[in-house]
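Examining the three-dimensional arrangement
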Amino acid sequence: MEYQKIKFGNVDIEGKDRYPEYRLVFPEKPIDKTILDVGCNLGFYCFMAHSEGAKRCLGIDNHSAFIMTANSIKERLKYYKMIQSAIPALDFIQTDVLNDYNYGTFDVVLLLYVVHHFTKIEDAEIVIRKCYDMANEVAIFGVLNPTESVSFQWLINRKGNKKLALADKYFTDLFPNNKIEVIYSTVDERSIIKIWK
Ligand SMILES: C[S@@+](CC[C@H](N)C(=O)[O-])C[C@H]1O[C@@H](n2cnc3c(N)ncnc32)[C@H](O)[C@@H]1O
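Structure report, in brief. (Residues numbered from 1 in each chain as written. Predicted model: local features only at pLDDT ≥ 70, side-chain atom pairs only at ≥ 80, totals over all residues.)

Let's shift gears to the site of the ligand. The environment of the ligand is made up of 18 residues, and the closest members are Gly 39, Asn 41, Asn 62, His 63 and Leu 112. Here the shell around the ligand is composed, by residue class, of eight nonpolar, seven polar and three charged. Counting contributing residues per domain, the shell around the ligand is built from domain 1 (1-95) and domain 2 (111-197), each supplying no fewer than three. (Near = placed C-beta within 6 Å. Nonpolar A, V, L, I, M, F, W, Y, C, P; charged D, E, K, R; others polar. Domains from an automatic or database assignment.)

Pasting the structure below:
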């Protein structure tokens, strides 16, 4: 099963429904916003935001198969008249966020459930700061919660893989002067952290 279910027009990909989380990220339609989604997977957040009136959405992911699928969905949606006119402002690019890059600035930058894949806490800090710097209005992070009272923790899953979990304290320490909004998931051990400029 795919990480993201995509159901728009003539596209129907089975997967996990990310709509409830999307609504937490964007409680209001992101009309006229520019959005960068780092670690976009199949592009669900970009497709949704775009269909709700976002002006420009760029999704990046280091996994070529995900970007190929996102681009093929985009091609298929070209024939779906609801978002046909807006399609040129929707792009997907394969790139690794750990490498140097500069895509300019966006009103909203998303980094949702990506840092737990990193193997070094230093990488997480670099990428979180980069995302914050690229955001004009708000940078939004999706993270796994630590199980202990620490600012970060390496969780070990059943297969023995390490996953980085970040507490809200990690973000308040990193951005002591910003307004920070924390939304704890009611269904699993995850949180959405919004850092406002
Ligand atoms: C758990 S999925 C989350 C997908 C999406 N952000 C969401 O919340 O629905 C993590 C995504 O991050 C991507 N990813 C992991 N490391 C990355 C990196 N270094 N650069 C870009 N994308 C990365 C993976 O390929 C995967 O699509």
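Read on for the rest.
Attention now goes to the pairing of strand β11 (residues 190-196). Sheet analysis places strand β7 (residues 135-144) next to β11, joined by seven bridges and oriented antiparallel. Looking across to β11, one finds that Leu 144 is bridged to Arg 190. In the sheet, strand β10 (residues 179-184) pairs with β11 via six bridges, with the strands oriented antiparallel. Across the sheet, the residue bridging to Tyr 184 is Ser 191, located in β11. Remark: five residues form the turn of the hairpin made by β10 and β11, two consecutive strands paired antiparallel. (Pairing = 2+ DSSP bridges. Helix = DSSP H or I, 4+ residues; strand = E, 2+ residues; numbered from the N terminus.)

For soluble globular proteins, nonpolar side chains are generally found buried alongside one another. If you look at the biggest cluster of nonpolar residues, it comprises 51 residues, and the most contacted ones within it are Ile 35, Val 38, Val 109, Leu 110 and Leu 111. The greatest single-element share of this core, amounting to seven residues, is contributed by β7. Two domains share this core, each providing at least three of its residues, namely domain 1 (1-95) and domain 2 (111-197). Every residue in contact with Leu 110, bar those within four places of it in the chain, is listed here: Val 25, Ile 35, Leu 36, Asp 37, Val 38, Tyr 45 and Ile 140. (Core = buried A, V, L, I, M, F, W, Y, C linked by C-beta atoms within 7 Å. Buried ≥ 20, exposed ≤ 12 C-beta atoms within 10 Å, placed from the backbone. Contact = placed C-beta atoms within 7 Å.)

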